Every structure is written in C-alpha cells, then in structure tokens.
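Summary of structural features
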Amino acid sequence: MFLTLLPEITLVVLAFVVLTTDLALDRQSRAFLPYLTAAGMLLAVIFTIVFALPGDKPQLIFGGMLRHDWLTFVFRLVFLFGALATVLFSAGWERVARRGEYYVLIITSTLGMMLMGASADLVMLFLAIETTSIPLYILAGFITEDDKSTESGFKYLLFGAMTTAIMLYGFSMLYGFSGSTNLYWIAGALMSGELPFISMMGTVILVMAGFAFKVSMVPFHFWAPDVYEGSPTPIAGFLSTASKAAGFAVIIRVLLTAFPLEAFGGVDWTMMMAIAAALTMSVGNLIALAQTNIKRLLAYSSVAHAGYILMGIAAASELGGLSVVFYIIVYLVTNLAAFGVVAVAERTLGSNDLEAYDGLSRRSPALALVLLISLLSLAGVPPMGGFIAKVLVFAAAVEANMVWLAVVGILNAIVGLYYYLIVLKRVYLFRSEEEDKPVPIPRPSAVALTVCLIAILVFGTIIAPWFDYSGIAAGALF
Amino acid sequence: MGLNVFAEEIPYLLIITLLPIVAGALLLALPNRHKLIYNVALGVATVTLLLTVLVFLGFDINGDQYQFADEYTWLPQFGISLKFAVDGISTPLVLLTGIVMFTGVIISQRIDDRPREFFAFMFILASGVFGVFVSLDLFMLFFFYEIAVFPMYLLIAIWGWKETREYAAMKLTLYLFIGSVVALIGALAMYFTSGLNTFDMVDLAAANFSTEFQNLWFPFVFLGFAVLGGIWPFHNWSPDGHVAAPTAVSMFHAGVLMKLGAFAALRVGIMLLPEGAHTHMWWVILLALVNVVYGAFIAMRQNDFKYVIGFSSVSHMGLVVMGFATLNQNGFIGASVQMFSHGVMTALFFAVVGMVYDQAHTRQIPELGGVGKYMKIPTLAFIIGGLVSMGMPGFSGFVAEFPIFMGVWQAYPWIAIVAVISIVLTASYIIRIVSKVFFGETPAEIADHLHDVTRSEKLALGVLAFFLVGLGVFPGMMVPMFAEGVRQIAPLIGLGGF
C-alpha cells in the first residue's frame, strides 16, 4: 500500500527539497532549481512504472479513498509528463526560471492531479481538486508586476471558487441520496431505482459544473482565454493539458462509475454530454477564428478539443473510454509542443500577436517545423497522432449511433483546420522586416520540444501499443 | 509480361510508398544548399521511378487479381493492417505517379526559395499518393489520402503564384478536407455495420451491406472522394489550385492527385457499395456530363493560358467519372486508361505552361505569340499533348476516350451524343492556344526574354511524350492490364459486358 503511493510521496518530498534548496542557494545558482525539479519528477515517473504498477485487479486503498487501477496509472504518467515538460519550458522562460516557489507550486498541483485521477471517494476527490486548483490560481497570477497575469490569476480564482461551490453542493446531495461518499457505493444506491429521475439528473448537472470548469466545457469556458493569455506561457500550456486531463480523468470515472447508465431509464446523461460536446467544439472553434493573439487562439482551440474528447465520453462505451484516454495522451504532447513553441518564441518576438509570427520559418526553421507538426496534429492530419485520436472519437460516436455528432465533429475539424492554417501561413508564407534575426531555442525547451515532436509522430504511426494501453486504462471503468 | 527476376521477399510497394516520405524527412535535415538538395531529390525520384517501372513490368496480367501483396499488422485491435497490393487498374497509376514525380523534380530545378522544404513537402505528397494507390486497407487508404492532401496547402501557399496563392491554397485544402472527412464517416459506418472488425477492403467488399445502407451512404462516400476528382459542382477549387500552384505542383495536382479522387471513389464508393452505385449512377453521370461539356466551354473562354489547361482538366476528369458511371466494362476500361493518359498529358501541359511563363512572365494569351520559334521541343510536346487531348487516333487520348464513349453509348445513348460535343470544343481551345501562343508574331515585350529550355527539361518533356505516343501507337503496353483489372472486379460490381 505504501508502494502504490510512492510517486505521490516522492512529489511531496521533492516539494520540500526544492523549497529548502531555494532558501539555501544564492540567486545565481537557483538556475539549477528547474533541473532539480525535473530530476525529481523523472524519479516519480520511474517509481510509477517500477513500483506502482497496478495488478490485474483494481484495488481500493486507504480505506476506499483511492483506487489503484490502470486508469490511475496512465493518468499519473500523463500528469507527470505534462509537469516535466512545463518545468523544462519554464527553465528557458526567464521571468520564472529561478523562482523556487514557482516549482513548488507546480509540484503541488501535479500531486493534486495525480490524486484526482485516483480518487474513488467524494471527500478525497474534493481535496484533490482543491490541491490542484489553488496552486494553479497562484501560478496563473505569478507575474505580479504584470497586470494581465494578476488579472488572470484572480479571474481563475473567482471562476474556480464559484464552480467548486456548485460542485460541492452536488456532492452533498449525492451523499444525502446514497448515504455514502464512495463512488462505487453511490452507484449501488442509485441503481436501487428509488431515486426520481429529476434528482439524479440534477445532481449530475451540479457535479458536472465543477468538472466542466476544469476542462473548459461550454458554458464554463469563459475563463480559459483570459487566463491563458495572462498567465506565464508555460503555465498556460500546463493548464490546457495536464489540468484539463485531470478534469477528464475525474469526469470519466465519476460519470461511468457513480452514475451508471442502467440507473437511468432511457434518457441519461449521454445525450446531455453529446449536446455539450457539440456546443463545446463549435463555440471553441468558431470563436478561435476571430483571434489575433496566439495564446487566445490556442485557448479557444483547447476549448474545442475538450469538445472532441467529450464526444468519446458521450459514447459511454469501451471504445469511447479508450478514445478519450488516447485523445488525452495525444493532445497532451501536441498542445505542450504548441505552447512550448509560443513560450520560446515569446522571448525573442516580445509579443504573442499572430503578426509577430510572420516569417518565423526563416528565423528559426526548427521552431517553425515543431509548430507546423503540432498544429497539424491538432487539426487532425496524418501521420500525426491527432489524426488517429480524432478518428477514434468519431468512430466511438458512430458506433454509439450518434452519426449527427460525428458530422458536427467533421464540420468543426474543418473550421479548426482553417485557423491553424492561418497561423501556419504567417509562419511559412509571410515576410517580416526582422527575418534576419534568428530565434534561439533554450536547451531545456529544445529537449522538451523534441520529445513532444517524436511522441506526436510515434502516436500517429505506431499506434497499436498506445491503443492497447488506452484500452486497458479505460477498461478499468467497465 | 511478368518478368521472373523478382525476388518474392522484396516489399516493392512498401519501399515505393515509404521511400519518398523518408527521403523528405531526411531532406529537412540537410543544409539548405540548392545544388545538394536538388541532386538528392533527383536521385530519390529516379530510384522511385525505376521501382515503379519494375512493378509495372513485373505485374503478370494472367496472374492473381492482387499482386505484390504485402501485409503488416498495424492496429490489429481495430482490424487495421498495412495491406499493400496492386491490381490491373492501380499498377499503371503507380507508374504514372513515378513518372510525374520524376519529371516534376526536374521541372523544379529553378526553385530557389527554400528548396529543401519544397522537395520535402513534395515527397510527402508523393508518398501519400502512392499509399492510396496501393492500399487495400480502407483505413490506410484514408491515412495516405490525408497525407497527400495536406502538403498541397504549403506547396501552393508558399511557392505558388503570388496573386492568388493564399486564396487558392486555402480553398483547395478546405474542399478536399471536407470531402475526405465526409467519406471517412461513411467508412466508419461501413466498418461498424459490417461487424467484421476489419478495414480490409477485400473483406468489406464481401460484407453484403443491405441495400438501404448502400443507398444511404454511397453518395457521401462517392462524392467525398469525387471532390478530389473535380466533379461538378465541387470542381471549383481545382482550376484555381492548378493556376496558383508552382509548375511541378500543378503537374502533381492535375496529373496524379485528381486521379486519386477518382480512384478512391472507385475503390471505396463503387467497389464496396455496388448496389448504391447502381441506384445513384444516373445522376452521377449527369454531373459528369456537366463537367465534360461545361468545363470545355469555360476553357474556351479563358484568356489565361494556365486556366485553359485547368478547366480542360475539369472537362477530362469528367470523362473519367462518366466512364465509371456507365457501370459497364467498356466505360471502366476507358476511364482507367483516361486516368493514366490524362495524368501524363496534363503534366506535360503544365510543364510547358510553366516553361513559357518562366520566360515570358505572362500567361495572358493575347500577350503571347510565336513562342515556338524559341522553344521548339516544348512546342512539339504541347502539340502532342493537344492531340491527345482531342482524342486523335494514334495518341493515348483516343485509346482512352473511344471506350468511354462506347460505354456511355451502351448505357445512355443521348448522353454520349451530348458528351461528344466536348471533343469539338477541346479541339477549338487547343488549336487556339497552339496558334496564338506558339505560332504567329512574337510581341516585342516578350521576345527578349525567350530562349530555349535546358536539356534536362527537354528530357522531362520527352519522357512524358513517350508515354502519350507509345500508348497511342501500341495500346497493348497497358490496355490489357487495365482490361484484366476491370474484368476481375466486374462480377463484384455487376458490370455490363462488352
């Protein structure tokens, strides 16, 4: 039981180590902190794989607070990878590179996410969500001398607090209905068939409010563009990938285990999720068309991607679950790469306006190539991972007899392609007066970008193993 | 023919498909020095061409339906495998792609803006095209199809004609993307409805989909692909795309990519949903008729040399779709030959257009004249292409169009009567170009710029012209292969006989 929590324990220790080292070092040698953090996280990855491998049977640990299964395992790696890449991007981002507390916050937040992915109990779930969110509020507002960053942190906090309150209300009703806080117990109570449909559906909606906020599902997406725009760029990447993945980990676990479809007669939450998916991707994509700031554009694009992922959830099938996990894995590396490029480019370009990206391919062919591949992957073009991920969620929708949803998805994919191409057009086609000024890539960022790039291509070409892992992870839910 | 020099274990099709994309990725890693890049690209293209020639010569028309078969598991959980094989219809198309790739590289010798990226994207495109022609797995077909579509955007947007390239590239990409994803949904529906848990097209063809299912999905799948074949009213992207694209990309685009659409519409639409095809073909042939006649009319009216060729492609691709829509063997054979013949012919046209434009810096027909005095070989090549285009006996166009009109006559006589008007129209616009552009007085403004083309460009034109004349004089070099390919799929689709 101790070993199964070893990765989390590693992170706690790491947080203290970073905090104390930060105090002991002078300003110059603090440049070493991100590498210390990265090394610690790498250690946690290794511990996850070596010591915390789940067995054939899922087990409930710590008095039913956590569930140790393949879903937990896969999401742990997802969060750790996201955090690792974020730390490396931060190392090259001067305004935060040497701030010890910055890394401590990232570590704490990652810890929270890992617990979110494993929670099997409402109390634990709530604690994990808060452990994740509070450091993120601070991180979003971390650049205190920048008004936009402060605004973004505050906005994030207000939205977060509001939706969390609603969610907590839902939790309390769940407890009232079932007399238990354990998700698996709750499922049993709902299955008894004594609860009226309206109260079950109402509870789903209340609970979903909190989760929807985390994944920026329409209509809880309003915070995303402002927060992404203002927060430090590596953190924007972190919010849009790991934090979102944590939200989805919770959504699939809670919806599929605590609200089994059999408990609802006929009309259940799948239709609601399908509509939410259609709205989320359409709103995200359509508003993204009008953006002139790349961080805002990526923010709306990440709203749209939440919509695609929700398609898989709406299917509520094994293929659906699998497609969600696969999509999240691919989306993680892809969006990290995209935000990584933005973080690197921002240092030299001094701006996040799309106009600043004119002629980037002449200033840094490598950076332009990474952006090309990550945006194409987001658009769903083979041989990038995004293509397979999209096909899988579409397939899940078609299999679940929701052809209309797949058609909405297609239309959205085309809109998406359009605005990604607009960015690429600037990068490859437009000229700028500063073409002769190269854009240097800091070494840690280069490492992270290379890993992401390779991952995008590998997910798109050698699919079978990842497909299997996603299947096993999603299988833990059924 | 069937040469026996082939070691069974060499996976020719796999190499042909992957060589360009791998070479493209490696090119990106080389320093951006023009000569080095060009030589590497030419080497790769030559090797690819030789391999495609080997496959063409090695295809045994008395042998199995699918040859050079290779299978590698890719995603067995989902029933996807890399299953490569060629049949009598796709073998010549693979050769066509090899030819166009080779000549396209030669024609692109003068690209000096970021040649590394240019050739890399072009090779990725080529891999996608090869992949579609040789895939027997529906999913892989899509996979390669999308790979083929995307690089077009960058190739046109970056290296294209400054006036319209951004607009044309975006239009083309969005049109093709819409078409392909619509077809993709159809493919997913087939996959789940069949219940076979496989994307293998040979298995899916035997899945016996219900008539309602076929009638429902055939239009989506067929039109989704036929968009790339330039079918009216979704042809609009194509002339714009042709004109905006740099020469080699126009060659690729009109020469091979449009065949990709027609071929995929045949493979996925007609072969997997034959009953749907029988239900819907009456209106498809009407659309194709509009393509053929209307495309030719518009081509007549153009003042821009390249737009003439662009709309002539729309018209000629209409003949391909029309041939398929007859649902009899004559039509199918003609359509298949037309795919090859038109591919080579239009590549030649665009190559010549590119040469003229490079020197004269204008494509407006009234501003051109007497070009033939300076460029003898391109003029000769263009005239050969023109004769092919008109369907003159002794050239490949005749071998292609005659069976198509025969097939149409068998199926819908009055459509054949209307469609043959296009031959007259074609003759008129071709003759107009030949007389106005290549003969007559040379306007003073362009006379100073004109000079002969380089030896390697002549070689490229020679290769293209060789196939046009060769196939016309000796149809036996390719037609029996097409005929055998069609004969083998005939029972599946329920094609009418000769």
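Everything in this summary refers to the structure shown in the same document. (Residues numbered from 1 in each chain as written. Chains lettered and ligands numbered in written order. Predicted model: local features only at pLDDT ≥ 70, side-chain atom pairs only at ≥ 80, totals over all residues. Heavy atoms only, no water.)

Considerations on the interface of chain A and chain B
A common way to state how big an interface is: give the accessible area lost once the parts meet. The partner chain B presents 35 residues to the 39 residues of chain A that form the contact. Together, the buried faces of chain A and chain B total about 3,300 Å²; carbon and sulfur atoms form 83% of this surface. Joining chain A to chain B, the criterion identifies one salt bridge. Of the charged contacts, one joins K425 of chain A and E166 of chain B as a salt bridge, the two residues approaching to 3.1 Å between their closest N and O atoms. The interface formed by chain A and chain B includes four residue pairs in polar contact (both at pLDDT 80 or more). Sorting the residues of the side of chain A that touches chain B by element identifies helix 15 (360-363), helix 16 (365-379), helix 17 (385-399), helix 18 (403-428), helix 19 (443-461) and helix 20 (464-475) of chain A as the ones contributing at least two each. Looking at the side of chain A that touches chain B, the element that brings in the most residues is helix 18 of chain A, giving eleven residues. (Contact = heavy atoms within 4.5 Å. Buried area = accessible area lost by both parts, 1.4 Å probe. Salt bridge = Lys/Arg side-chain N within 4 Å of Asp/Glu carboxyl O. Polar contact = N/O pair within 3.5 Å; in protein donor to acceptor, adjacent residues only side chain to side chain. Helix = DSSP H or I, 4+ residues; strand = E, 2+ residues; numbered from the N terminus.)

Some remarks on the packing of aromatic side chains
In total, this model carries 51 aromatic pairs over all chains according to the counting rule given. A ring pair is formed by Y12 of chain B and F68 of chain B, whose centres lie 5.9 Å apart and whose planes are at 85 degrees; its orientation type is edge-to-face. Taken together, the positions of Y12 of chain B in helix 1 (residues 12-29) and F68 of chain B in strand 1 (residues 67-75) put the pair 56 residues apart, joining distant regions of the chain. Pairing W217 of chain B with F220 of chain B gives two aromatic rings, centres 5.6 Å apart and planes at 55 degrees, and the pair type is tilted. Linking W217 of chain B with F220 of chain B, this pair stays in helix 8 (residues 211-226), spanning three residues, or about one helical turn. Relative accessible area serves as the criterion here: at 39%, F220 of chain B is assigned to the partly exposed category. Through a chain of ring-to-ring contacts, the aromatic side chains of F387 and F467 of chain A together with W74, F78, F84, F139, F143, F144, Y191, F192 and F199 of chain B assemble into a single cluster. Geometry around W161 of chain B places R363 of chain B over its ring, the cationic atom sitting 4.3 Å from the centre. (Phe/Tyr/Trp six-rings, centres within 6.5 Å; stacked < 30°, edge-to-face > 60°. Buried < 20%, exposed > 50% of the residue type's maximum accessible area, 1.4 Å probe, protein only. Lys NZ or Arg CZ within 6 Å of the ring centre and 35° of its normal.)

Considerations on the side chain of T163 of chain A
Along the chain, T163 of chain A falls in helix 7 (residues 147-178). Each residue touching T163 of chain A, except ones within four places of it in the same chain, is listed here: A209, G210, F213 and F220 of chain A.

Some details on a nonpolar patch on the surface
Residues and elements named next belong to chain A. A surface patch of nonpolar side chains, amounting to about 930 Å² of accessible area, comprises F2, L3, I9, V13, V17, L42, L43, I46, I49, V50 and F51. Looking at the nonpolar patch, the elements with two or more residues in it are helix 1 (6-24) and helix 2 (33-50). Residue contributions to the nonpolar patch peak at five residues, all from helix 2. Checked against the element boundaries, L42 lands in helix 2. We classify L42 as partly exposed; its relative accessible area is 44%. (Patch = residues over 30% accessible without salt bridge, like charges linked within 9 Å, V, L, I, M, F, W, Y side chains within 5 Å. Areas by Shrake-Rupley, 256 points an atom, 1.4 Å probe, with all protein chains shown as cover.)

With respect to the environment of V415 of chain A
Tracing the chain through its elements places V415 of chain A in helix 18. Dropping the residues within four chain positions of it, V415 of chain A is found in contact with N285, L286 and L289 of chain A.

Brief notes about the nonpolar core
Core analysis: the biggest nonpolar cluster contains 415 residues, and F211 and W269 of chain A together with I270 of chain B have the highest contact counts within it. Per element, the largest residue contribution to this core is 22 residues, and it comes from helix 14 (residues 318-349) of chain A. With residues up to four places along the chain from it excluded, the contact list for I270 of chain B reads F218, F222, A265, A277, M281, F324, L327, F332 and I493 of chain B. (Core = buried A, V, L, I, M, F, W, Y, C linked by side-chain atoms within 4.5 Å.)

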